Number of protein chains: 2
Amino acid sequence: MADKITSREKDYSEWYNDIVKHAGLAEHSAVKGCMVIKPYGYAIWEFMQAELDRKFKETGHVNAYFPLFVPKSFLSKEAAHVEGFAKECAVVTHYRLKTSDDGKEVIVDPEAKLEEELIIRPTSETIIWNTYRNWIQSYRDLPLLINQWANVVRWEMRTRLFLRTTEFLWQEGHTAHASEEEALAETRQMLEVYAEFAEKYLGIPVIKGIKTANERFAGAVETFCIEAMMQDGKALQAGTSHFLGQNFAKAFDVTFLDKSNKPEYVWATSWGVSTRLIGALIMAHSDDDGLVLPPKLAPVQVVIVPIYKRQEELEAIGAKVAPLVQALKSKGIRAKFDNDDAKKPGWKFAEHELKGVPLRIAIGPRDMENGTAEIAFRDTKAKQSITFAELENEIPKILDQIQEGIYLKALRFREENTHYVNSYEEFKKVLDEKSGFIFAHWDGTSETEEKIKEETKATIRCIPLDNPQEDGICIYSGKPSKQRVIFARAY
Amino acid sequence: MADKITSREKDYSEWYNDIVKHAGLAEHSAVKGCMVIKPYGYAIWEFMQAELDRKFKETGHVNAYFPLFVPKSFLSKEAAHVEGFAKECAVVTHYRLKTSDDGKEVIVDPEAKLEEELIIRPTSETIIWNTYRNWIQSYRDLPLLINQWANVVRWEMRTRLFLRTTEFLWQEGHTAHASEEEALAETRQMLEVYAEFAEKYLGIPVIKGIKTANERFAGAVETFCIEAMMQDGKALQAGTSHFLGQNFAKAFDVTFLDKSNKPEYVWATSWGVSTRLIGALIMAHSDDDGLVLPPKLAPVQVVIVPIYKRQEELEAIGAKVAPLVQALKSKGIRAKFDNDDAKKPGWKFAEHELKGVPLRIAIGPRDMENGTAEIAFRDTKAKQSITFAELENEIPKILDQIQEGIYLKALRFREENTHYVNSYEEFKKVLDEKSGFIFAHWDGTSETEEKIKEETKATIRCIPLDNPQEDGICIYSGKPSKQRVIFARAY
């Protein structure tokens, strides 16, 4: 099984593609740049959705749904926004097909041309703020705390499954507030929600920070982000939360009467995470044998594989295991007894490793005699014998340990691959030889940032939130700097 | 509050629009034909989704996600399918915008023209069966039981919120089977799932039946449906389950090796329900005071309104009610204490009626003295006094009674508005004077069906599944007939 998978060392990029393919997560579709999310991949997305949705509701948000289409003119209303999104969008120009005159094919009906073209939403600020104009009159209508689960389209020339696709699934929160302070607090709150989700559910440590002007969301005043490190040392932006100021309120003329009856523009935030997180999950934890899933997001958390020769042995194991599976399920644990008689245990072991099942339990005739079982950890590959009677109580604890272990391993990896450099020479050397996150002084200008990006493909991932202030000099320009920022090559 | 709403008698269609608007369910967007589903409407959809999704999984289905875009050529591969769907679709022709030469506006970049136009999916049979070709080799790969939650687009000239919109949300199941028998059993099973959901959750009685050839899904061998009656006597198709035979397998060349190693085309089904169900829910149960929601789909099931003059009274009521709300929540009941001090009880009563909260509890100073409360039923408008201490135990039972009562009322309405006619004169008279479902003999030809539709706007809604066979003569042609079918005007 594992020989299907290219090793990370040989070709990290192929390794990633192999995992996505052989674990049955997704595949390319007939439409360039669009993916099919296969059932196993989609199940992981459903667990992510469930937890995020619960968190959004717990923090006072409600869901709604806004149209897929954005009139072309809407995009232009916010100057920075159109600059960022007009270049890569799908444009609907007609609303009907017809049979060609020779009757041989179906063609676009030239008579069915739209007066104004429609853009498939790349993000929904414009259509939503155009709607909010009618929903908000007074401070009593605020805050509006709305989230949407939706598909969006950004025309990408170079795509990679999950990480960068023309169509992807995401959630986008769009909130409206009566004050700058409240909107900023919301932006920070949602960043915390994402960071906690990444660490507690995905098992991926993240650095919370602020984007530089260059990397900011088109139309935002400030973009907050969480940045994660992948196993090749590259960074992956795992979620963003934008403080939009009054930009969209001004573009769409959304005002409210404040308590003193004075009209004011509304303050806005938006925030989102996407199916890209599945890519992050793979790249952060998996190994050369396949997927490694944190238990909280694993479609199957525990698989029990019977080892037997004769049919009676299988039946005896089945009878012994059935109450355990039932007991685990009643505790909310996703357990499965793999009694498929057409496959050998060795095949099953490899298959469940490939699919990233966190805990495997094997039970053979000797175990039946001794009242034991063998448990195997997907993440560490450790195995041990355990008393069968203990399984029911131990499994929940073991799953928690695995969840924590996966996180700690990723954290250790990040720490080992975080570097502090003080010169541009050192910067380039570390970037090429070691990769990872590089903390370096920067003069704060877009020019320097762009030069470094041009020359090294490294970008400033973020200015960490609780960044220590220290005097230094910019590694590129030699100008004075007050703090280090994080550079890395990124997905 | 209620005077915002046009009465059903005065203008049924305006009444519907008023409910959708004033209960905050949805509104028209800036894009013609597309709606914004507002948080209260979307919450109802989320409850529908949760229950349907649970049922789909219980019957062995998994979710996946397929692209929004369908290459134009795919639509043409199934002859009947393209005929049915090409006429009303959104066509993507370009993938980039650019700033116009005068710098004043954003225009479609003529250089970014797609080689092959992409259609926004009106339904996903074609893209899915093109994918299944690679997933299915042998009978061991079958059945494939997959569902997708998605948005679809059908370009509609005349739209109505929820009932007929250009973009709508739905689920579409697409299954693949090794035998005709198994595919037919799946089609029937999903029809049962829909019927049970409609009756037990929506509280809407439905007739299960088969569509005539004229009304069949484009590409299906047989379309099964559930048909509901609205309060104006018109029919509404609430869900369909299609037996697709081998049509899509042949169009997309999807074969499997059967147990004897012989290649065979795969058998298919598809089935779907949509946000249209929210329209059905409104039209089936609501009244001139607003929405009436069955408890199982109500975002708030029980609202408690305090009646007080002085602040201490509000606090005393609040203290008494808090443990009850907590106890109800722990039973999974969505209860809310409406302690908004800015609104009067009368306003609140009207507002909760408008929003369809099934059960309202009012508690005033006299109740506090006597240990009582007043409960008011949204559906029947009945009120009664109850001992406060009984509420915790009684409320779950009362909600079940309301759920059942709403269903029975709709059932009685349908029975009272179901007619049997034996001549075309009688048919037209009943249709115009009484409306409702009309059971009449039909000769089984499309010609007759079309003539009747042209002349009366009534269509054959379905041939009921367990239809009694009886000899008769077609009301239109006078030709012999073996059974009555259901005619009605429909949404």
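Treat the numbers as computed from the prediction; the structure is a model and nothing was measured. (Residues numbered from 1 in each chain as written. Chains lettered and ligands numbered in written order. Predicted model: local features only at pLDDT ≥ 70, side-chain atom pairs only at ≥ 80, totals over all residues.)

Participant: I'd like a description of the overall build of chain A, backed by residues and values.
Facilitator: A count of helical and extended segments in chain A gives 14 helices and 27 strands. Taken against the 2.2 N^0.38 rule, which gives 23 Å for 491 residues, the C-alpha radius of gyration of chain A at 26 Å falls within 12% of a compact globule. Taking the principal axes of the C-alpha coordinates as reference, chain A spans close to 80 × 70 × 55 Å. When the 491 residues of chain A are sorted by exposure, 48% land in the buried category. At a minimum sequence separation of 6, the contacts of chain A that also span at least 24 residues come to 68%. (Helix = DSSP H or I, 4+ residues; strand = E, 2+ residues; numbered from the N terminus. Rg over C-alpha atoms; globule rule 2.2 N^0.38 Å. Buried ≥ 20, exposed ≤ 12 C-beta atoms within 10 Å, placed from the backbone. Contact = placed C-beta atoms within 7 Å.)

Participant: Describe in detail the sheet that holds strand E19 (residues 359-363) of chain A, supporting the description with residues and values.
Facilitator: Residues and elements named next belong to chain A. Spatial strand order, E18-E17-E19-E20-E21: five strands in an open sheet with mixed pairing. Edge positions in the open sheet fall to strand E18 (335-337) and strand E21 (383-387), since each of these has one partner strand only. Sheet twist, expressed as the mean angle between neighbouring strand axes with direction ignored, is 25°. Bridge count for E19 against strand E20 (residues 372-377) is four bridges, and the pairing is antiparallel. Counterpart to Ile 361 in the pairing with E20 is Ile 375. Packing of helix H9 (residues 311-330) onto the sheet brings it into contact with strand E17 (302-306), E18 and E19, and relative to E18 it is tilted by some 170°. Here helix H10 (residues 345-354) sits on the sheet and contacts E17 and E19; the angle it forms with E17, its principal contact strand, is near 170°. (Pairing = 2+ DSSP bridges. Axes fitted to C-alpha atoms, helices over the stretch in contact; angles between N-to-C directions.)

Participant: Tell me what's going on with the domain arrangement of chain A, and back it up with residues and numbers.
Facilitator: All names here are of chain A. Structurally, chain A comprises domain 1 (2-91 + 123-285), domain 2 (300-398) and domain 3 (418-488). On a C-alpha basis, the centres of domain 1 and domain 3 stand 26 Å from each other. The interface of domain 1 with domain 3 comprises 16 residues on the first partner and 16 residues on the second. Sorting the residues of the side of domain 1 that touches domain 3 by element identifies strand E11 (207-210) and strand E12 (222-229) as the ones contributing at least two each. Sort the elements by how many residues they give to the side of domain 1 that touches domain 3 and E11 lands first, with four residues. Across the side of domain 1 that touches domain 3, the residue classes tally to six nonpolar, four polar and six charged. (Domains from an automatic or database assignment. Nonpolar A, V, L, I, M, F, W, Y, C, P; charged D, E, K, R; others polar.)

Participant: Requested: an account of the relation of the copies chain A and chain B, with residues and values cited.
Facilitator: The transformation that overlays chain A on chain B combines an axial shift of 0.0 Å with a rotation of 180°, and the residual RMSD is 0.0 Å. Such values leave the two copies arranged in the relation of a two-fold axis. Residue Val92(A), judged by its C-alpha, is the member of chain A lying nearest the rotation axis, at 2.1 Å. Same-surface contact between copies: 100% of interface residues of chain A are shared with the interface of chain B. (Least-squares fit on C-alpha atoms with pLDDT ≥ 70 in both.)

Participant: Describe in detail the environment of Trp267(B), supporting the description with residues and values.
Facilitator: All names here are of chain B. Position of Trp 267 relative to the elements: it lies in strand E16 (residues 267-274). Since 28 C-beta atoms lie within 10 Å of it, Trp 267 is described here as buried. Here the alpha-carbon distance between Trp 267 and Phe 248, two residues 19 residues apart in the chain, equals 8.4 Å. Not counting the four nearest positions on each side in its chain, Trp 267 is found in contact with His 177, Ser 179, Glu 180, Glu 182, Ala 183, Gly 245 and Gln 246.

Participant: Run through the pairing of strand E11 (residues 207-210) of chain B, naming residues and quoting values.
Facilitator: In terms of strand pairing, E11(B) meets strand E12 (residues 222-229) of chain B through four bridges, oriented antiparallel. Its bridge partner lying in E12(B), Ile207(B) is registered against Glu227(B).

Participant: So what's going on with the interface of chain A and chain B? Residues and values would help.
Facilitator: With 50 residues of chain A at the contact, the number on the chain B side is 50 residues. Taken together, the residues that form the side of chain A that touches chain B break down as 33 nonpolar, eight polar and nine charged. In this sheet, strand E5 (residues 91-94) of chain B lies alongside strand E5 (residues 91-94) of chain A in antiparallel orientation, the contact comprising three bridges. Pairing of His94(A) across the sheet is with Val91(B), part of E5(B).

Participant: Account for the sheet that holds strand E19 (residues 359-363) of chain B, naming residues and giving values.
Facilitator: Residues and elements named next belong to chain B. As summarised here, the arrangement of the five strands in space is E18-E17-E19-E20-E21, forming an open sheet in which the pairing is mixed. In this open sheet, the two edge strands, each paired with only one partner strand, are strand E18 (335-337) and strand E21 (383-387). On average, adjacent strands in this sheet sit at an angle of 25° to one another, irrespective of strand direction. Each of strand E17 (302-306) and E19 touches helix H10 (residues 345-354); the most contacted strand, E17, lies at about 170° to it. Set on the sheet, helix H12 (residues 391-416) makes contact with E17, E19, strand E20 (372-377) and E21; between it and E19 the angle comes to about 145°.

Participant: Please give an account of unusual backbone geometry that cites residues and values.
Facilitator: That bond from Leu142(A) to Pro143(A) is cis: its omega, -5°, falls within 30 degrees of zero. Here Pro143(A) is to be found in the loop between helix H5 (125-135) and strand E9 (144-153). Backbone geometry places Asn261(B), a non-glycine residue, at a positive phi of 70°.

Participant: I'd like a description of the pairing of strand E13 (residues 235-245) of chain A, backed by residues and values.
Facilitator: All names here are of chain A. In terms of burial, E13 is a largely internal element, ten of the eleven residues being buried. Looking at chain direction, E12 and E13 are connected through eight bridges and run antiparallel. Across the sheet, residue Ile 226 finds its bridge partner in E13, namely Gly 239. Taken together, the five bridges between E13 and strand E16 (residues 267-274) define a ladder with antiparallel strand orientation. If you follow Ser 241 over to E16, its bridge partner there is Trp 271.

Participant: Give me the lowdown on helix H6 (residues 180-202) of chain A, citing residues and values where you can.
Facilitator: Residues and elements named next belong to chain A. Helix length check: H6 (23 residues) gives 32 Å between terminal C-alpha atoms against 33 Å at 1.5 Å per residue, within 8%. Buried residues of H6: Ala 183, Glu 186, Thr 187, Met 190, Leu 191, Val 193, Tyr 194, Ala 195, Phe 197, Ala 198, Tyr 201 and Leu 202, and no others. Phi turns positive, to about 70°, at Gly 203, one or two residues after H6. (Expected span 1.5 Å × (residues − 1).)

Participant: Any chance you could break down the environment of Glu313(B) for me, citing the residues and the numbers?
Facilitator: All names here are of chain B. Along the chain, Glu 313 turns up in helix H9 (residues 311-330). Note on Glu 313: 16 C-beta atoms within 10 Å, which makes it partly exposed. For the pair formed by Glu 313 and Met 368, sequence separation is 55 residues and the distance between their alpha carbons is 9.1 Å. Once you skip the residues sitting within four places of it in the chain, Glu 313 turns out to touch Tyr 308 and Pro 365.

Participant: So, helix H13 (residues 424-433) of chain B: which residues are in play, and what are the values?
Facilitator: All names here are of chain B. Turning to H13, its buried residues are Phe 427, Val 430 and Leu 431. Along the axis of H13, the buried positions cluster into a sector of 100°, meaning they face one direction only. Exposed positions of H13 whose direction lies more than 90 degrees from the buried face are Glu 425, Asp 432 and Glu 433. Looking at the packing, one finds that the buried side of H13 touches strand E22 (418-420), strand E23 (437-441) and helix H14 (446-456). The first or second residue beyond H13 is Ser 435, which carries a positive phi of 60°. (Arc of directions from axis to C-beta.)

Participant: Mind laying out the packing of H9(B) against H12(B), listing which residues take part and the relevant values?
Facilitator: Residues and elements named next belong to chain B. Across the interface, H9 lies against H12 with an axial gap of 10 Å and an inter-helix angle of 45°. The angle between H9 and H12 places the two elements in the oblique class. You can see that H9 and H12 cross each other, and the crossing is right-handed. Across the interface between the two elements, Leu 324, Ala 327 and Leu 328 of H9 pack against Leu 391, Glu 392 and Ile 395 of H12. Taken together, the residues that form the contact of H9 with H12 break down as five nonpolar, no polar and one charged. (Parallel < 35°, antiparallel > 145°, perpendicular 65-115°, else oblique. Left-handed = near helix turned anticlockwise from the far one by under 90°.)

Participant: Tell me about the environment of Arg412(A), and please be specific about residues and values.
Facilitator: Inspection of the secondary structure assignment puts Arg412(A) in helix H12 (residues 391-416). Sequence spacing of Arg412(A) and Asn261(A) is 151 residues, and the spatial spacing of their C-alpha atoms is 55 Å.

Participant: Give me the lowdown on the confidence of the model for chain A, citing residues and values where you can.
Facilitator: Low pLDDT marks regions whose predicted coordinates should not be analysed in detail. In the predicted model, chain A carries a mean pLDDT of 96, and the fraction of residues at 70 or more is 99%. Here the complex is predicted with pTM 0.97, and the ipTM for its interfaces comes to 0.97. (pLDDT = per-residue confidence, 0-100.)

Participant: Report on the packing of helix H2 (residues 39-58) of chain A against H6(A), specifying residues and quantitative values.
Facilitator: Residue and element names in this part refer to chain A. Remark: H2 packs on H6, axes separated minimally by 11 Å, with the N-to-C direction vectors making an angle of 145°. Seen along the crossing, H2 lies across H6 with a hand that is right-handed. Of the residues in H6, those touching H2 at Glu 51, Leu 52 and Lys 55 are Val 193, Phe 197 and Tyr 201.

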